[in-house]
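Here is what each chain is made of, one letter per residue.
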Amino acid sequence: MTRDADAANSDAATPDAATPDAATPDAATPIAATPDAAIPGTVAAAVSAAHAAEWSRIVASLIRVTRDWSLAEDAAQDAFAKALERWPVEGVPRNPGAWITTVARNGALDRIRRSANEALKMREVAMMDELDRPDREHDSGHDIDDDRLRLIFTCCHPALAIEARVALTLRTVAGLTTPEIARAFLVPEATMAQRLVRAKRKIQNAGIPYRVPPAELLDERLGGVLAVLYLVFNAGYTLTDDAAHDEALSTEAIRVGSLLTELLPRSASAHGLLALMLLQHARRAGRTDADGELVSLEDQDRSRWDALAIRRGLNALDASYRLEPEPDRYQALATIAACHATAASADATDYRRIAALYAGLAAADASPVVALNAAIARGMAEGAEAGLSAVDEVSASGALDGYYLVPAAQADFLRRLGRADAAGQRYDAAIALAPAGPERRYLERRRAALIAPPVE
Amino acid sequence: MQYVMFVVVDPEGEPYVAADDDYAQWDADLEQRGVMLDKRRLRPADEATTVRVRGGELVVTDGPFTESKEWIAGFAVLDCADLDEAIAIARTHAMARFGRIELRPLAQANGEPLA
């Protein structure tokens, strides 16, 4: 997973992939609340908006009060289902968020009262207390911010397996359903359900605290949270044939990342990651043609890039540099994405700066995928000959054996050097290793274009 | 929450540096804080004996129940507020560097963790 995730950032010469529809991240419909066709559009929009705004607040506060993760999720899910059922008949309430919060809390109280679990029953008083001040969170928002931060940090606790952290974050923070998460990660629904159950059981039984880590732990824990968000984002950014789900994952990661910068405004890394995600996401519409096929970065129609997302990304990048002038990994990657996003054309791209940034990243991080990206960037800055020998060097290390982007990068540099026969062989190797779908078809088209010279 | 902290000898750990082995200090700190309920050191795994009964037959074998390069050298029982406190204690044990530490929540008779 990590390899593919990093590969999505090989912005230099390797194919750049994306999905057809672009939306500004905040306007995207949360897929968990997607209503059916019988629901009027205004109601559907109101439920979607309430879902985006309230889901994590509701779940976070219910977990704090009940200590029961499944109960909190079920009560929240039921409240949104009730809204879809009743709002078309009764009309959308004046304050949809407060309506759903109250319904969810009442539902949680019902479940507590019906429960045979003694530990849970002891939470009834706390739950009643919570119901007595239903509008508190809509006033100051301070306690609730703490609740949501607690939720994010607990989902991303290092004592949980990385797959569990990702799944739990999508379920409880972003509000995706279990089948949606299963589909996004290509695992059977039962496997994903089991993964979530195990993670929640471990939180409860191993004593993982529901809190924001104290100051001395905040930095190391925040790194883990950002890594989870970036994994989620990249799972959505790597092009598959299920564009709608790809995009939903990326927009959810951006939404949670944006929330994190609001909650931790002094974190340069959080701003840096948000910038990185926005600047990559901005190019989404340009990455595919009308048939949904992949278009390389050089050939993209830059007018299709999302100008608003680029502006938001650049603002977040500025914020991160104001807090920390010495860029960390996310800031460096975001700066590379900014070089691409602000270049008027492929030829006008500042590849020297990109190569320098990648070289810095490679010096700090021994990851072979980073080394590959640095090698590709060098080729774009210094020419195909230099690029080819740099990629050959990475290839010779053997650390990326079986990884299709290595022969793909070699093929691309060989093509640029006019060595069609050698390029064809490397394309064949890349095609054999690439996952089925848009990326493999892209390589096949490139391979075919070698034999029949392109019409220009 | 109560945890058993297993101290594990692990050949993949960092090379042992006697000067950095501040076990006595670690031990004294925990005793003073009153979070350590019990602690024991174990004799090496090659002195272990494994006992099984299969089809009514006693099978006694020399050595630990699993062939492994890692072996449990000792354990402590910790009484902590939560897993973060247990991790904070474990990370300061010298063997977190030179070996590894495993934290396991203790169960009650009904299988629930001890609060």
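Residues numbered from 1 in each chain as written. Chains lettered and ligands numbered in written order. Predicted model: local features only at pLDDT ≥ 70, side-chain atom pairs only at ≥ 80, totals over all residues. Heavy atoms only, no water.

## Quick notes on the side chain of T154(A)
Reasoning step 1: In this structure, T154(A) sits in helix α8 (residues 142-155).
Reasoning step 2: A polar atom in the side chain of T154(A) sits 2.6 Å from the backbone oxygen of R150(A). (Helix = DSSP H or I, 4+ residues; strand = E, 2+ residues; numbered from the N terminus. Polar contact = N/O pair within 3.5 Å; in protein donor to acceptor, adjacent residues only side chain to side chain.)

## Quick look at the environment of E163(A)
Reasoning step 1: Looking at the secondary structure, you find E163(A) in helix α9 (residues 162-173).
Reasoning step 2: The sequence separation of E163(A) and L231(A) amounts to 68 residues, and the corresponding C-alpha distance is 9.7 Å.

## Here's the deal with the interface of chain A and chain B
Reasoning step 1: With 11 residues of chain A in contact, the opposing surface of chain B contributes 9 residues.
Reasoning step 2: With both chains or domains summed, chain A and chain B bury close to 770 Å², and 50% of this area falls on carbon and sulfur atoms.
Reasoning step 3: Counting the contacts that link chain A with chain B gives 3 salt bridges.
Reasoning step 4: Linking R221(A) and D84(B) is a salt bridge whose minimum nitrogen-to-oxygen distance equals 2.9 Å.
Reasoning step 5: Counting the contacts that link chain A with chain B gives 6 residue pairs in polar contact (both at pLDDT 80 or more). (Contact = heavy atoms within 4.5 Å. Buried area = accessible area lost by both parts, 1.4 Å probe. Salt bridge = Lys/Arg side-chain N within 4 Å of Asp/Glu carboxyl O.)

## Thoughts on the side chain of T169(A)
Residues and elements named next belong to chain A.
Reasoning step 1: Residue position: T169 is located in helix α9.
Reasoning step 2: Overall, T169 belongs to the buried group, its relative accessible area being 4%.
Reasoning step 3: Polar side-chain contacts of T169 include one of 2.7 Å to the backbone oxygen of R165.
Reasoning step 4: In this structure T169 touches C155, C156, A174 and V228, once residues within four positions along its chain are discounted. (Buried < 20%, exposed > 50% of the residue type's maximum accessible area, 1.4 Å probe, protein only.)

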